[in-house]
Amino acid sequence: QFERGMAAYFGLPGGVAVTSGTAALEVALRVLGIGTHDEVLLPSYVCAAPLLAVQRVGAMPRLVDIDLDTFNIDPSAARRAVTSKTKAIIVPHLFGLSAALSELETLGVPIIEDCAQTLGAREQGRLVGSVGVMTVCSFYATKPLCAGEGGMVLSRDERLLERARRLREYDETPSLDPWATNLKMTDLQAAIGLAQLNRLESFLERRSWLADEYRATLSSTHPILPLVPSGHTHTYHRFVVRLPDLADRVNGLQDIIGRFEIQGVQCRRPVFRALHRYLEMDGFPATEEAERTALSIPLFPALTDEEVAQILVALRAEWS
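Engineer: Break down the overall build of the chain for me, citing the residues and quoting the values.
Structural biologist: When you go through the chain residue by residue, the secondary structure sums to 12 helices and 11 strands. Taken over the C-alpha trace, the chain has a radius of gyration of 20 Å; the compact-globule value for 320 residues is 20 Å, and the two agree within 12%. Its C-alpha atoms give the chain principal-axis dimensions of roughly 65 × 45 × 35 Å. Evaluated residue by residue, the chain yields a buried proportion of 55% over its 320 residues. The long-range fraction of contacts in the chain, counting pairs at least 24 apart against all pairs at least 6 apart in sequence, stands at 64%. When the 32 basic and 39 acidic side-chain charges of the chain are each reduced to a single mean position, those positions are 2 Å apart.

See the structure below:
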């Protein structure tokens, strides 16, 4: 029922629930037949899950820089990175903002949409997750739709969905895929996820209201507020501001995080560590500036009005 509900939300024929968003990424890659000697494009400014999934299937990650204004993968950088070995591009819609799908589609490379942070956002009128050849979701505790843990693979192609099911479980099948394993989501998690899905629109409304409150408070201050390009919508999984004056200060971001902590407000770096640093690469200037200047302000539907007031006081104290 949860699979059917998620598929209906995206307007797709089906979904395959698995144990985590990371598992969903790996299944999606294997379903597309991606493995040794293949290349997969992905942005450097994202959590480690996409990189680990690419490495686990034996493919070569091709990291590309981001558009600093949106924090999403830069289509121009992606175009320059495409080679004859490129078999897919993982497109995370980061922090609640839809990526530039229309531009990325022109690359002619199969798109795997990573909707872990961006359920409900749109690009050129299209719901994110309904465009790529494969879509993956995460239902971890910090995600827009929480089942405690879990993930899902979705597609408009029934053959791809059937391959995903054969990878998720191996019991009572006429033949065995050597990569098949036990990745089944539990019924308990699915029940929680289904209840959350039924409340998703109210969650998104609350997030939008919180973002409006933050924008009103910070409108005349120096942080650069989240940009929403024309034709895109933002669901504010995170409210990430940029502080360009910190670009040349080694511990500037950490100092601000510490001052917010003193006021009882937990701000964070939105990405713990860029992927190119794990691979000891350079040449990602926009990603590195985001690392030095991007700050995530608390935003989630369960914030009480009293907590919101406390956050607004802290924001005014720091940037008024």
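Engineer: Go over the sheet that holds strand 5 (residues 111–114), please, and point to the residues and values.
Structural biologist: With mixed pairing, the seven strands of this open sheet are ordered in space as 1-9-8-5-4-2-3. Because the sheet does not close on itself, it has two edges, and the strands there are strand 1 (14–18) and strand 3 (60–64). Ignoring which end each strand starts from, the neighbouring axes of this sheet average 20° apart. With four bridges connecting them, strand 8 (residues 134–138) and strand 9 (residues 151–155) associate as antiparallel partners. From the neighbouring strand, Val-136 faces strand 9, where its bridge partner is Val-153.

Engineer: Break down the packing of aromatic side chains for me, with residues and values.
Structural biologist: The final tally for this structure, using the stated rule, is eight aromatic pairs. The interplanar angle of 65° and the centroid separation of 5.5 Å between the aromatic rings of Phe-71 and Phe-95 together place this pair among those described as edge-to-face. Within this pair, whereas Phe-71 is found in the loop between strand 3 and helix 4 (75–81), its partner Phe-95 is found in the loop between strand 4 (86–92) and helix 5 (101–105), the two being separated by 24 residues in sequence. The class for Phe-71 is buried, based on a relative accessible area of 7%.

Engineer: Before we move on, can you summarise helix 1 (residues 2–10) with the specific residues and values?
Structural biologist: Within the span of helix 1, buried status applies to Phe-2, Met-6, Ala-7 and Phe-10. One face of helix 1 carries all of its buried residues, which in axial projection span an arc of 130°. Facing away from the buried side of helix 1, by more than 90 degrees, are the exposed residues Arg-4 and Ala-8. On its buried side, helix 1 packs onto strand 1, strand 7 (126–127), strand 8, strand 9 and helix 7 (187–197). Directly after helix 1, the chain includes Gly-11, whose backbone phi takes a positive value near 75°.

Engineer: Please set out helix 11 (residues 285–293) residue by residue, giving values where relevant.
Structural biologist: Every buried residue belonging to helix 11 is among Ala-286, Thr-287, Ala-290, Glu-291 and Thr-293, and all of these are buried. In this structure, the buried side of helix 11 is in contact with strand 10 (239–242), helix 9 (252–262), helix 10 (275–278) and strand 11 (294–297).

Engineer: Go over the packing of helix 9 against helix 12 (residues 305–319), please, and point to the residues and values.
Structural biologist: Closest axis-to-axis distance for the helix 9/helix 12 pair is 10 Å, and the angle between their directions is 135°. In terms of axis orientation, helix 9 runs oblique to helix 12. The two elements helix 9 and helix 12 meet at a crossing, and its hand is right-handed. Here Ile-256, Arg-259 and Phe-260 of helix 9 come into contact with helix 12, specifically with Ala-314, Leu-315, Glu-318 and Trp-319. Along the lines of polarity and charge, the residues of the contact of helix 9 with helix 12 split into five nonpolar, no polar and two charged.

Engineer: Please set out the side chain of Asp-65 residue by residue, giving values where relevant.
Structural biologist: Structurally, Asp-65 is set in the loop between strand 3 and helix 4. Despite being buried, Asp-65 has no salt bridge partner; Arg-80 is the closest side chain of opposite charge, sitting 7.1 Å away.

Engineer: An account of the nonpolar core is requested, with residue identities and associated values reported.
Structural biologist: Core analysis: the largest hydrophobic core is formed by 44 residues, its most contacted members being Leu-29, Val-40, Tyr-45, Phe-71 and Ile-112. Listing elements by their share of this core, those giving two or more residues are strand 1, helix 2 (21–31), strand 2 (39–43), helix 3 (49–56), strand 4, strand 8, helix 6 (158–168) and helix 11. Top contributing element to this core by residue count: helix 2, with seven residues. Not counting residues within four places of it along the chain, the set of residues in contact with Leu-29 comprises Ile-34, Val-40, Ala-53, Val-54, Val-57 and Ile-112.

Engineer: Mind laying out the environment of Thr-86, listing which residues take part and the relevant values?
Structural biologist: Along the chain, Thr-86 turns up in strand 4. With relative accessibility at 9%, the residue Thr-86 sits in the buried group. Taking C-alpha positions, Thr-86 is 9.2 Å from Pro-110, a pair spaced 24 residues apart along the chain. Not counting residues within four places of it along the chain, the set of residues in contact with Thr-86 comprises Glu-39, Leu-41, Ala-81 and Val-109. Among the polar contacts made by the side chain of Thr-86, one reaches the main-chain amide nitrogen of Thr-83 at a distance of 2.8 Å.

Engineer: Provide a residue-level description of unusual backbone geometry, including the pertinent values.
Structural biologist: Residues other than glycine seldom take positive phi values, yet His-37 does so here, at roughly 80°. Assignment of secondary structure puts His-37 in the loop between helix 2 and strand 2. Non-glycine residue Gln-124 carries a positive phi angle of around 55°. In this fold, Gln-124 is placed in the loop between strand 6 (122–123) and strand 7.

Cut-offs and rules
- Residues numbered from 1 in each chain as written.
- Predicted model: local features only at pLDDT ≥ 70, side-chain atom pairs only at ≥ 80, totals over all residues.
- Heavy atoms only, no water.
- Helix = DSSP H or I, 4+ residues; strand = E, 2+ residues; numbered from the N terminus.
- Rg over C-alpha atoms; globule rule 2.2 N^0.38 Å.
- Buried < 20%, exposed > 50% of the residue type's maximum accessible area, 1.4 Å probe, protein only.
- Contact = heavy atoms within 4.5 Å.
- Lys, Arg positive; Asp, Glu negative; His and termini not counted.
- Charge placed at Lys NZ, Arg CZ, Asp CG, Glu CD.
- Pairing = 2+ DSSP bridges.
- Axes fitted to C-alpha atoms, helices over the stretch in contact; angles between N-to-C directions.
- Phe/Tyr/Trp six-rings, centres within 6.5 Å; stacked < 30°, edge-to-face > 60°.
- Arc of directions from axis to C-beta.
- Parallel < 35°, antiparallel > 145°, perpendicular 65-115°, else oblique.
- Left-handed = near helix turned anticlockwise from the far one by under 90°.
- Nonpolar A, V, L, I, M, F, W, Y, C, P; charged D, E, K, R; others polar.
- Salt bridge = Lys/Arg side-chain N within 4 Å of Asp/Glu carboxyl O.
- Core = buried A, V, L, I, M, F, W, Y, C linked by side-chain atoms within 4.5 Å.
- Polar contact = N/O pair within 3.5 Å; in protein donor to acceptor, adjacent residues only side chain to side chain.

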